[in-house]
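The residues making up each chain are set out below.
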There are 2 protein chains.
Amino acid sequence: MAESTPSLQPRINVSVVSDALLGAWKAERLESRRLAADPRLHTIPGQSMEEHRERALQQLHILVENGAIQRAFPTALGGADNHGGNIAAFQELVLADPSLQIKSGVQWGLFGAAILHLGTAKHHERWLPDVISLKLPGAFAMTEIGHGSDVASIGTTATYDPETEEFEIHTPIRGAWKDYLGNAALHGRAAVVFAQLISQGVNHGVHAFFVPIRTAEGEMLPGVGSEDDGVKGGLNGIDNGRLHFTHVRVPRENLLNRYGDVAPDGTYSSAIESPGRRFFTMIGTLVQGRVSLDGSAVRAMQAALAIAIRYGSERRQFPGATGRESVLLDYGQHQRRLLPRLAQTYAMAFADERLLTVFDEVFSGAKDTDENREDLETLAAALKPLSTWAALDTLQEAREACGGAGFMAKNRIVGLRADLDIYATFEGDNNVLLQLVGKRLLTDYAAQFKNADRATLARAAASQIGNRVSRFGLRQVGQTIADFGQVGRSVESMRSSAAQRQLLADRVQTMVSEIALALREATKGIPKSDAQARAIANEDAFNAQQHKLIEAARAHGELLQWEAFTEAVEKIGDAETRQVMTWLRDLFGLGLIERNAAWYLATGRISGQRAESVTAYIDRLLRRLRPHALDLIEPFGLSPELLRAEIATGIEAERQEEAHAYVEAQRAAGTWPVHEKELRKRQRDAAKLPAVPRATNVS
Amino acid sequence: MAESTPSLQPRINVSVVSDALLGAWKAERLESRRLAADPRLHTIPGQSMEEHRERALQQLHILVENGAIQRAFPTALGGADNHGGNIAAFQELVLADPSLQIKSGVQWGLFGAAILHLGTAKHHERWLPDVISLKLPGAFAMTEIGHGSDVASIGTTATYDPETEEFEIHTPIRGAWKDYLGNAALHGRAAVVFAQLISQGVNHGVHAFFVPIRTAEGEMLPGVGSEDDGVKGGLNGIDNGRLHFTHVRVPRENLLNRYGDVAPDGTYSSAIESPGRRFFTMIGTLVQGRVSLDGSAVRAMQAALAIAIRYGSERRQFPGATGRESVLLDYGQHQRRLLPRLAQTYAMAFADERLLTVFDEVFSGAKDTDENREDLETLAAALKPLSTWAALDTLQEAREACGGAGFMAKNRIVGLRADLDIYATFEGDNNVLLQLVGKRLLTDYAAQFKNADRATLARAAASQIGNRVSRFGLRQVGQTIADFGQVGRSVESMRSSAAQRQLLADRVQTMVSEIALALREATKGIPKSDAQARAIANEDAFNAQQHKLIEAARAHGELLQWEAFTEAVEKIGDAETRQVMTWLRDLFGLGLIERNAAWYLATGRISGQRAESVTAYIDRLLRRLRPHALDLIEPFGLSPELLRAEIATGIEAERQEEAHAYVEAQRAAGTWPVHEKELRKRQRDAAKLPAVPRATNVS
C-alpha cells in the first residue's frame, strides 16, 4: 500500500507539546525523570519476591539520599510544602519500578501523610523526621479483610480506658484483620491503624492511631500478629501483608487528633459536629493517593504507546502491492488500535494536570474551602477510574500490537501491566469511585430543584436543563442545550469544539436527570409513615439505576478530560502544532461520540447517517494523524533509560534494513531463486493456460 | 436491599447442564480432570523461572506415565487415533498449569503433530515413538523474529544439494532466526524447522524439515545456535528461545514430505499443483493449535467466573436498608459485570464443542473433504480470537470483582490471566485470524454474484440478500431477511430465537455486502491494462475497509456462538433447565444486540425506544438469573483441586458468619457501643432539632 511519508505538513513543535505535558511542575518532573533513569532503581524481570522486596527497600533509601520524597512535608521538617510538585515527581517514578513507586507511596504518601494530615504538631515532631528518613518504615492499616472500599464499616476497635489513659486496639474477628498493607509483612515498624473510636460506651466512628508493631530487630510486638500476603499478580517488590491486634494498648496521645480528640477522662470532642462529615473530612485528606495513581497510569500508557508506535513504524508484515512488505502502522486496523488510544492518553494527561492543580490549590491552603475539597475529591474519583482502566487496556493493546515480542519481559509492557492491574481497585475500587461521582451529580442536580414537584422534574428531564454537571474546577457549559438537530446536521459542525462539548455535556445531563426522575418515582404510593418500606424502595430503585449511574459518571469524567484537552490545545500558540493537536482532540471527542453512538441515536441526538459519517471522519483523522504518530510520542520525553524496551530501540528497523539489503543483494547477483508461483505464472502466460483457482484464504 | 433467595423456581438440573458441557468427549474430559487434580501438576506461584522450567519438564513425564498424551497418535504407535478426545483432554490441563499445558502442546501438538501430519510413514516410525515417550523433546520452529503470522514470507532457507543429497538449512539474516519456540532454550533435542525449499534454483515455498539441534547431553550441534527468550509475561515454565542455523546440513529424507518431495536429483514434486493451496494445506494441518486454545480459554473463563460468583455470593459490603450489609451479587452493577460474561462463557463452551466435532470429523477422516477442511479453518479462525480475548476480559473483570483478594496469587485469577495473555497472539494473531474469516466471508459472498454487475451488487447490499454467512458446519439462516420492522417492533418478539438469529445474521450479511461493494468500487476508472495501479487501488480500498471487515468477522463468530448455544439449549429435555438456559441464551443474544445497538439504530433495524427496552429487558434477565448464579457455575465441574482459590472455598462466608455472630452477641449482651450518629439522632428527635445537612458523598 502507499506508505505514509513523515514529511507531511503541518508538523508539531515537539518542545511546545512537551511543555504543555510537563505543565506547572516541569522542574520536579524532569528531576524525577533523571532519578528514574538510575539503573539502581530499575525493575529486574524475574527476580524472586524475596530479592525484589529487599531491593525495593534499598531503593527507598536511594530516594531519601536523593531528596526525592520530602517535597510534601513541612518546611520546618526539611520538606518544601510543595504538594503538586510532590505528586508530579511521584508519578514519574512508575517508569523506574512500580513496586518502588508504590512502596514509597505507602511510606510517605500514606503512612507519613496520615501522620501529617490527621495528626497534630506533637505527632509531626515526634515521628515525621524518622518517617522521612526511613528510620521508621510504616504501614497504612486501613483496609480490612472484610471491608475494602467501605471504610466506615471497619471492625477494628480502639476503646479508650480512662484508668490508664490508653486506647486498646483490637481486631475482634478475622474479617477485621488489616489486609494488603505494604510494609506489613516485613519492613514496617509501626502502623497508622484505622479503628472505630469508642469512649464512654459511644462509637465516634473511624479514627487513626499510631501503633508500633515491630522492634528494630523485626520482632512482632506483644499482641500484634502479621501474615504475609505472599505472591501477587504484580508489585511483588512490596511486602504486603495482614496485621491483627489483640488488646494492644497505646497511649492516648497516639490518637491522630486533628479532627477528633479524647480528653484524659474520656470525653470526646471534635470541631466537626456531624460524624458523617467528620469521617469524610478525614478520609478526604487521603485523596492524594488517587491523584497520584491517575498520573502514574497516564505515564504507563505513554510508555506503552511509545513502544507500540515505534515498533509499528518499523515492523513490516505481509507483502503489499508495491513489492515490499507493509509497515504495520500503515494498516487501517493498526491505526484504529493505537491512534485513538494515543489521543486518549493526551486527554488524560491534560486532565491529570488539571487535577494536580486543584489538588495543590487545596493542599497548599491557597484555595482550601470545603467546596474545593469536595470538588477535588469528585474530580479524583472521576479521573482515577478512567485512567487506571485505560492504562490496562492500552498496555494490553500495545502488548498485542507488538505480537510475541510484546510478551517478553525485556520489552517492558507485560511487567507494567501486571503491576498496574491493582491500580483499578486500590485507593478506592473504580466502580465505587464512579458511583461516588454519580451520587455527587445527583446531589448537584437535586440542589437545582430543591422545591420542584415531579412534573417540573419530568419537564427538566425531557428538556435537559441543568447547568452544574461540568464544574469541579473546569469551565461550565451553557445553561440550556440548544437544538441538537443543528449540531447533528453535519460532520463539519461536529468538528467544532462547541458542538462536541454540547454533545458530551448533554449526555451527562440527560442521563443524570433521567436517573433522578426514576429515583423520585421509587417511593410513590408508600406512606411517609413507613420509613423502612420507603428506605428499601429507595434502595431497590437506586440499585436498578446503579449501572446507568456509573455510566453517567464515566461520561462526566470523559467530558472533563475532553475539556482539559481542549483547554490545553487552545493555549498552544504555534499554529501548526495547534492544528495537529486539534485533530488529535477531535479524534478523542468524536471517538467518545462514536463509542456512545447508540445513546445519541436512541435519544434522537444524531441521525443514522450522521453516526456513519462520524466513523468516516474518524477514519480520515486516523489517516491524517498517521504521519505524526512518531512526532506525537516524542513529547512524552521517554529517554532510552526510562523506556528500556528492546523493540523500541530501533532494533527492528535494523533487522528490516538487513533483510531488505539481503534480498536486494541476492537479486542483483542473480542468486535469488525464482518462486514456483512466479514460474507457473510465466509458464501459464507462455501457454495461455487458465489459472489455478485462487485459494480462498490467502492472507 | 431485598436479598435474592436461592429457592426460586425453576431450578436447573446440574447434571443435565454438566453433560451438555462435557459433550461428546465426556470420558476424556473427566479423565483429564482427574489428572489435572494431581498436586504434582500444579503451578507453584512465585517459583523462579529456572525451577518452573524444570518442573514443567518433569510434569510432561508424568503425563506420559499416565497415558495422557497419546490419544491423537496412530494406534500402531500406541495411540488411539482419537483427535477430538485428544484436544478435549488437552483443554482441561489449563487448570493444572498453563505452562505444563502449552509445553505439552509444543511437544505433542506441534512438534509431534508436524511429524505426524506433514511427514510420512518412515518419519512416523523413526521419530514418533521417542517423541511420544519424551525421549526426544523437540521444538516447532516456524515463527521467525521477522515474521509472525505471515508464515509464507519466512526467511529461513532449505537449499537442496544433489551432490550430497542433503538440504542446507540456513538463517541468512537476523530476522530469519526462529523465535518464541518452546523447548528451544533448553530441552529440545530436535526441531521441525519451516523453511523455503529451494531446489534447482526454484523456491517451492515453505516446507518442514526435521533438524537435530542438541546432543543428548544438551550441547548445541555444529551450526545451530540458541538464545534464551528469558522472562515473559506468563508461561514462565516454558523454555522459549530462538534458534538460528548456519549452513546446517540434514539428509534429504529429513524433509517431511507428505505434501511435497524432492527426488535425489533435485526434482520437486507435489500432489498439490498450486503452491498457494499446497502451503495452506500444510499449514491447515496445524489448525489443532487454535482448536485447543479456544476450549482452554473457555475453561479459564469458567474458573474465573466460578471464583468471582462464589465470592460475590458470600461477600457483603456497605450496609443496606434492611440492616445487614448487602451481598455483592445483589448489586445491579455486580450482576452487570458477571452474569453476561457467564452467558458468554456458556455460548463459547458450546461453540467450542461444535468446533471440536468438526475438527474430529476432518482429522479422523470421517468427513475429510477440502470444503470441510476450509470450514474447519474458518470456524477455528472465528472462534479462537473471540474466546481468547473474552478470557482475558473475564479474568480481569473477575479479578476486579474480587478486589484486592483477586490480586493475590493464592486466588488463581492473576496467574491464569498472565499465562493466557499470549493466547491472543499465538497460533495466529487474533486480528489476522479475524481478517482471514472476513476474507472468507467476502469470497463466499462474491461466489453468489460471480457474474453480477455493480448495479446488482448494490441492490444486494441494499436488500441484504445473502445466504452463506452462517455455514461452516452450523445451520443456515434464511435466504432473505424478512421485514425487520416486525422483529424490532416489540421486545416480546426479540426474545424469540428466530428474531435474535435474524438480527445477528442480518448484521453480518449487511456488513459483508457493504464491504464487497466498497471494494468493487476501488478500481473504477483505472484501466485494466494498469495492473499495478489497480493492485494498489485494491489494496488501499481493502485497507480502508479492514477495521469494518474485522468487525464483520467478529459479528460472524458471535452468530456462530449464539447458534451453538441455541442448539445446545434446544437439546435439553428438562423443561425447568431449558427455561433457565433460555434466559441465559437470551442474555447472550440480547447482550450482543445491545452492544451493537448503534449499528442496529443507524441502519434503521430497531427504533430508539426498542433499543432502550432491550436494555430494560436485559436488566430483568439479570435479576431473574441472579438466584441461579451459583447453580450455573456448578456444571463447570470445578472441584477444589481444580479451582484452588482460597476465596472460593467458603472462607468468606465463614468470616461473614463470624462477623455477624460477633455483632449479634455484643448486642444481646448490651456491650455493643451506640454510634455517635444514632446518639445525635436520638438527641435531635428529643429536642426536635433540625438535622445536620447530609454529606453529599456518602457512599
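Look above for the structure.
Here, residues in each chain are numbered from 1, in the same order as that chain's written sequence. Going through the entries in the order they are written, you letter the chains from A and number the ligands from 1. In keeping with the predicted nature of the model, local features appear solely for residues at pLDDT of at least 70, side-chain atom pairs appear and are counted solely at 80 or more, and the whole-chain, interface and lining totals rest on all residues. As a rule here, side-chain values cover all heavy atoms of the structure and leave hydrogens and water aside.

Chemist: Teacher, can you tell me more about unusual backbone geometry here?
Modeler: Glycine aside, a negative phi is what most residues show, and trans is what most peptide bonds show. All names here are of chain A. The phi angle at phenylalanine 318 is positive, at roughly 70°, despite the residue not being glycine. Numbering of helices and strands runs from the N terminus, with a helix taken as a DSSP run of H or I at least four residues long and a strand as a DSSP run of E at least two residues long. Residue position: phenylalanine 318 is located in strand E12 (residues 316–319). Exposure categories follow from relative accessible area, calculated using a 1.4 Å probe and restricted to protein chains: below 20% of the type maximum is buried, above 50% is exposed, and the middle band is partly exposed. Judged by its relative accessible area of 14%, phenylalanine 318 falls in the buried class. The phi dihedral of arginine 412 falls on the positive side, at around 75°, and the residue is not glycine.

Chemist: What am I meant to see in the interface of chain A and chain B here?
Modeler: Frequently, the measure chosen for interface size is the accessible area that the parts lose on association. Every contact between the two is made by 116 residues of chain A and, on the other side, 117 residues of chain B. For the pairing of chain A and chain B, the buried interface totals around 10000 Å² over both sides, and the portion due to carbon and sulfur atoms is 56%. By definition, a salt bridge exists where a carboxyl oxygen of Asp or Glu is found within 4 Å of a side-chain nitrogen of Lys or Arg. Across the contact surface, chain A and chain B share six salt bridges. With its nearest N and O atoms 3.3 Å apart, the salt bridge here joins glutamate 273 of chain B to arginine 680 of chain A. Any pair of N or O atoms that falls within 3.5 Å is considered a polar contact. Within protein, one atom must be able to donate a hydrogen and the other to accept it, and sequence-neighbouring residues count only if both atoms are side-chain atoms. Run the count over chain A and chain B and you get 50 residue pairs in polar contact (both at pLDDT 80 or more). In terms of residue count, helix H18 (residues 531–570) of chain A provides more of the side of chain A that touches chain B than any other element does, nine residues in total. For this scheme, ten residues count as nonpolar: Ala, Val, Leu, Ile, Met, Phe, Trp, Tyr, Cys and Pro. Four count as charged, namely Asp, Glu, Lys and Arg, and the remainder, Gly too, count as polar. Here the side of chain A that touches chain B is composed, by residue class, of 45 nonpolar, 37 polar and 34 charged. One bridge is not enough; two strands pair if DSSP finds at least two bridges between them. Where strand E6 (residues 202–212) of chain A lies against strand E14 (residues 674–675) of chain B, two bridges are found, and the strand directions are parallel. By the bridge assignment, valine 202 of chain A is partnered in E14 of chain B with valine 674 of chain B. It only takes one pair of heavy atoms within 4.5 Å for two residues to be counted as in contact. Accessible area, probed at 1.4 Å, shrinks when two parts are joined; the buried area is that loss added up over both.

Chemist: Would you mind going over the sheet that holds strand E8 (residues 241–245) of chain B with me for this structure?
Modeler: Strands pair in a sheet through their backbones, by hydrogen bonds, and they do so in one of two ways: parallel or antiparallel. All names here are of chain B. Ordered by their spatial adjacency, three strands build an open sheet running E4-E8-E7, and the pairing between neighbours is antiparallel. Looking along the sheet, the strands with just one partner apiece sit at the ends: strand E4 (178–181) and strand E7 (224–228). Averaged over all adjacent pairs, the angle separating strand axes in this sheet is 25°, with direction ignored. Axis lines are fitted to C-alpha atoms, over the contacting stretch for helices. Their N-to-C directions set the angle, which ranges from 0 to 180 degrees.

Chemist: Before we go on, may I ask you to explain helix H24 (residues 651–669) of chain A in this structure?
Modeler: Note: α-helices contain 3.6 residues per turn, so residues at a spacing of three or four share the same orientation. Expected span of a helix: the number of residues minus one, times 1.5 Å. Between its terminal C-alpha atoms H24 of chain A stretches 27 Å, which fits the 27 Å expected from 19 residues at 1.5 Å a residue. Looking at H24 of chain A, one finds that the buried residues are Ile651, Glu652, Arg655, Gln656 and Ala659 of chain A. Buried residues along H24 of chain A cover an arc of 145° about the axis, so they all sit on one side. Facing away from the buried side of H24 of chain A by more than 90 degrees, the exposed set consists of Glu654, Ala668 and Ala669 of chain A. On its buried face, H24 of chain A is in contact with helix H8 (288–314) and E12 of chain A together with E8 of chain B. Two residues or fewer past H24 of chain A, glycine 670 of chain A is found with a positive phi of approximately 75°. By construction, the arc corresponds to the directions joining the helix axis to the C-beta atoms.

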